[in-house]
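Given next are the chains, with one letter for each unit.
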Amino acid sequence: QVQLVESGGGLVQAGGSLRLSCAASIPTFSSYAMGWFRQAPGKEREFVATISWNGGSAYYTDSVKGRFAISRDNAKNTVYLQMNSLKPEDTAVYYCARGNTYSTGSRLTDYAYWGQGAQVTVSS
């Protein structure tokens, strides 16, 4: 059974930083791309970042480029999202997800399993 558990969310002032972690109970974690998505109240879930199976490739949505960084530790079955220079518009529930394959993707349908989400709130 695949389980993804996010942690590290919270309340932070604009300009601050948070690091999200996603611990995965996946025997073949290193075989799959991983992604982060977010969903703000009243909005659809949107792509944030993705990383390939070995960490060699990473892609971001334009609004977080230069501020967020995705990384992974395959030895720990964990993927991270470092978020710097946070803005109030980054407020959302953040979800990690396991990809369908080893390669990256930005569509919801590129991901088979999802965590329960972590709330990130950025105050102005």
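The structure displayed is predicted, hence computed values, not measured ones.

(A) Highlighting the sheet that holds strand β8 (residues 78–83). Taken together, four strands build an open sheet; the order of strands is β1-β3-β8-β7 and the sheet is antiparallel. In this open sheet, the two edge strands, each paired with only one partner strand, are β1 (4–7) and β7 (68–73). Between one strand axis and the next, the sheet turns through 15° on average, direction left out of account. In the sheet, strand β3 (residues 18–24) pairs with β8 via six bridges, with the strands oriented antiparallel. Looking at the pairing, Ser-21 lines up with Tyr-80 of β8.

(B) Layout of unusual backbone geometry. Of note, the phi angle at Asn-77 is positive, near 50°, even though the residue is not glycine. Inspection of the secondary structure assignment puts Asn-77 in the loop between β7 and β8. If you check the backbone angles, Ser-85 has positive phi at about 50° while not being a glycine. Looking at where Ser-85 falls in the secondary structure, it is placed in the loop between β8 and β9 (92–99).

(C) Highlighting the side chain of Glu-6. Structurally, the position occupied by Glu-6 is in strand β1. Buried Glu-6, no salt bridge; nearest opposite-charge side chain is Arg-45, N-O distance 7.4 Å. Side-chain polar atoms of Glu-6 contact the backbone nitrogen of Gln-116, separated by 3.0 Å. A polar side-chain atom of Glu-6 sits 2.9 Å from the main-chain amide nitrogen of Gly-117. Residues within four places of Glu-6 in sequence aside, it is in contact with Ser-21, Cys-22, Trp-36, Tyr-94, Tyr-95, Cys-96, Gly-115, Gln-116, Gly-117 and Ala-118.

(D) Layout of the packing of aromatic side chains. Here the structure, examined in full by the defined rule, presents four aromatic pairs. Note on Phe-37 and Tyr-111: the rings are 5.2 Å apart at their centroids and 80° apart in plane angle, and the pair reads as edge-to-face. Remark: Tyr-111 occurs in strand β10 (residues 111–114) and Phe-37 occurs in strand β4 (residues 34–39); sequence separation between them is 74 residues. Judged by its relative accessible area of 1%, Phe-37 is buried. Given the relative accessible area of 6%, Tyr-111 is considered buried. Of the aromatic side chains, those joined through ring pairs into one cluster are Phe-37, Phe-47, Tyr-111 and Trp-114.

Thresholds, definitions, all that
- Residues numbered from 1 in each chain as written.
- Predicted model: local features only at pLDDT ≥ 70, side-chain atom pairs only at ≥ 80, totals over all residues.
- Heavy atoms only, no water.
- Pairing = 2+ DSSP bridges.
- Helix = DSSP H or I, 4+ residues; strand = E, 2+ residues; numbered from the N terminus.
- Axes fitted to C-alpha atoms, helices over the stretch in contact; angles between N-to-C directions.
- Buried < 20%, exposed > 50% of the residue type's maximum accessible area, 1.4 Å probe, protein only.
- Lys, Arg positive; Asp, Glu negative; His and termini not counted.
- Salt bridge = Lys/Arg side-chain N within 4 Å of Asp/Glu carboxyl O.
- Polar contact = N/O pair within 3.5 Å; in protein donor to acceptor, adjacent residues only side chain to side chain.
- Contact = heavy atoms within 4.5 Å.
- Phe/Tyr/Trp six-rings, centres within 6.5 Å; stacked < 30°, edge-to-face > 60°.

In short, the description is geometric, and any link to function would need to be established separately.
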